[in-house]
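# Observations on chain architecture
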Amino acid sequence: MRIVACNGFGLEKEKSNSPEDFFNRSVIQYIKDGEEKTLNVLYLRYFDEMVTLWTPYPANPLFKSPNRDIYMADIIAMVCLLKDPSLVNRKRIYINAEKDLAGYFENIDFEKLEKVFISIDQAKPYDIESHVDYYIQS
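Below, the structure is looked at part by part.

Calculation criteria
Residues numbered from 1 in each chain as written. Predicted model: local features only at pLDDT ≥ 70, side-chain atom pairs only at ≥ 80, totals over all residues. Heavy atoms only, no water. Helix = DSSP H or I, 4+ residues; strand = E, 2+ residues; numbered from the N terminus. Rg over C-alpha atoms; globule rule 2.2 N^0.38 Å. Pairing = 2+ DSSP bridges. Buried < 20%, exposed > 50% of the residue type's maximum accessible area, 1.4 Å probe, protein only. Lys, Arg positive; Asp, Glu negative; His and termini not counted. Salt bridge = Lys/Arg side-chain N within 4 Å of Asp/Glu carboxyl O. Polar contact = N/O pair within 3.5 Å; in protein donor to acceptor, adjacent residues only side chain to side chain. Contact = heavy atoms within 4.5 Å. Expected span 1.5 Å × (residues − 1). Axes fitted to C-alpha atoms, helices over the stretch in contact; angles between N-to-C directions. Parallel < 35°, antiparallel > 145°, perpendicular 65-115°, else oblique. Nonpolar A, V, L, I, M, F, W, Y, C, P; charged D, E, K, R; others polar.

### Focus on the overall build of the protein chain
- Looking only at helices and strands, the protein chain features 4 helices and 7 strands.
- Its helices and strands taken in sequence order, the protein chain reads β-β-β-α-β-β-α-β-α-α-β from the N to the C terminus.
- The C-alpha radius of gyration computed for the protein chain amounts to 14 Å, which stays within 12% of the reference 14 Å derived for 138 residues, consistent with globular compactness.
- The dimensions of the protein chain, computed from C-alpha atoms along their principal axes, are 45 × 35 × 30 Å.

Encoded structure:
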């Protein structure tokens with residue numbers, strides 16, 4: 001799998017009575033078996049406050065790549081895809097339970113994750129041979 005881009009952003013209200021401003025979207029674009037795919041992860045914005053529970057980072061932004069600050073919303077789609085390779089068959093998922101999102105972050109190797117972002121932010125797609133390579137072995 002070749003990672004092309006990974007970004008996140010907060011949704012904004014389109015209508016005054018919509019709840020969209022309570023959500024973030026994390027998007028990963030990748031190439032798998034010669035086909036370009038995108039996974040969209042919609043999740044509660046409140047989960048961004050859980051940075052210290054699920055990551056080794058003290059706050060948002062989590063870390064810097066050469067061209068930008070990397071926030072929780074930027075990494076969630078990648079973390080989900082690495083943790084659950086069956087998501088390559090999905091276009092979108094919705095996460096509204098804290099324990100569900102926490103499960104995706106278990107045993108993720110954040111140092112390797114940073115290398116992926118450094119590469120893609122320099123316009124160099126990043127090849128991932130095996131999702132298991134991004135787990136911390138216990």
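### Some details on the pairing of strand 2 (residues 23–32)
- Summarising the sheet, strand 1 (residues 2–10) and strand 2 pair through 8 bridges and their orientation is antiparallel. Each residue of the ladder has a partner; that of Arg2, found in strand 2, is Ile31.
- The sheet contact formed by strand 2 and strand 3 (residues 35–44) spans 10 bridges and is antiparallel. Bridging across to strand 3, Ile31 finds its partner in Glu36.

### Overview of the side chain of Asp109
- You can see Asp109 is positioned in the loop between helix 3 (98–105) and helix 4 (110–120).
- There is no salt bridge for the buried Asp109, and the closest opposite charge comes from Lys112, which lies 4.3 Å off by N-O distance.
- A polar side-chain atom of Asp109 sits 3.1 Å from the main-chain amide nitrogen of Glu111.
- For Asp109, the contacting residues outside a window of four places in its chain are Tyr134, Tyr135 and Ile136.

### A word on the pairing of strand 6 (residues 92–95)
- What you see with strand 6 is a clean split: Ile93 and Ile95 sit on the buried side and Arg92 and Tyr94 on the side with no burial.
- Examined bridge by bridge, strand 3 and strand 6 share 4 bridges and lie parallel to one another. Counterpart to Asn40 in the pairing with strand 6 is Arg92.

### Considerations on the pattern of salt bridges
- Counted according to the given criterion, the structure contains 5 salt bridges.
- The salt bridge partner of Arg68 is Asp74, with a shortest N-O separation of 3.5 Å.
- Residue class for Arg68 comes out partly exposed when judged on its relative accessible area of 22%.
- Taking the shortest distance from any N to any O, the salt bridge between Asp121 and Arg68 comes out at 2.9 Å. Of this pair, Asp121 sits in the loop between helix 4 and strand 7 (126–127) while Arg68 sits in the loop between strand 4 (63–64) and strand 5 (69–70); the two residues are 53 residues apart in sequence, bridging distant segments of the chain.

### Side note on helix 2 (residues 72–83)
- Along its 12 residues, helix 2 runs 16 Å from first to last C-alpha, staying within 8% of the 16 Å computed at 1.5 Å per residue.
- The element helix 2 is extensively covered by neighbouring structure, given that 11 of its 12 residues are classed as buried.
- Within the sequence span of helix 2, burial applies to Met72, Ala73, Asp74, Ile75, Ile76, Ala77, Met78, Val79, Cys80, Leu81 and Leu82.

### Notes on the packing of helix 2 against helix 3
- Contact geometry of helix 2 with helix 3 gives a least axis separation of 8 Å together with a crossing angle of 75 degrees. By the angle between their directions, the pair helix 2 and helix 3 is classed as roughly perpendicular. Contacts from Met72, Ile75, Ile76, Val79, Cys80 and Lys83 of helix 2 reach helix 3 at Leu101, Gly103, Tyr104 and Phe105.
- Its residues assigned to classes, the contact of helix 2 with helix 3 comprises 8 nonpolar, 1 polar and 1 charged.

On their own, these measurements won't tell you what the molecule is for.
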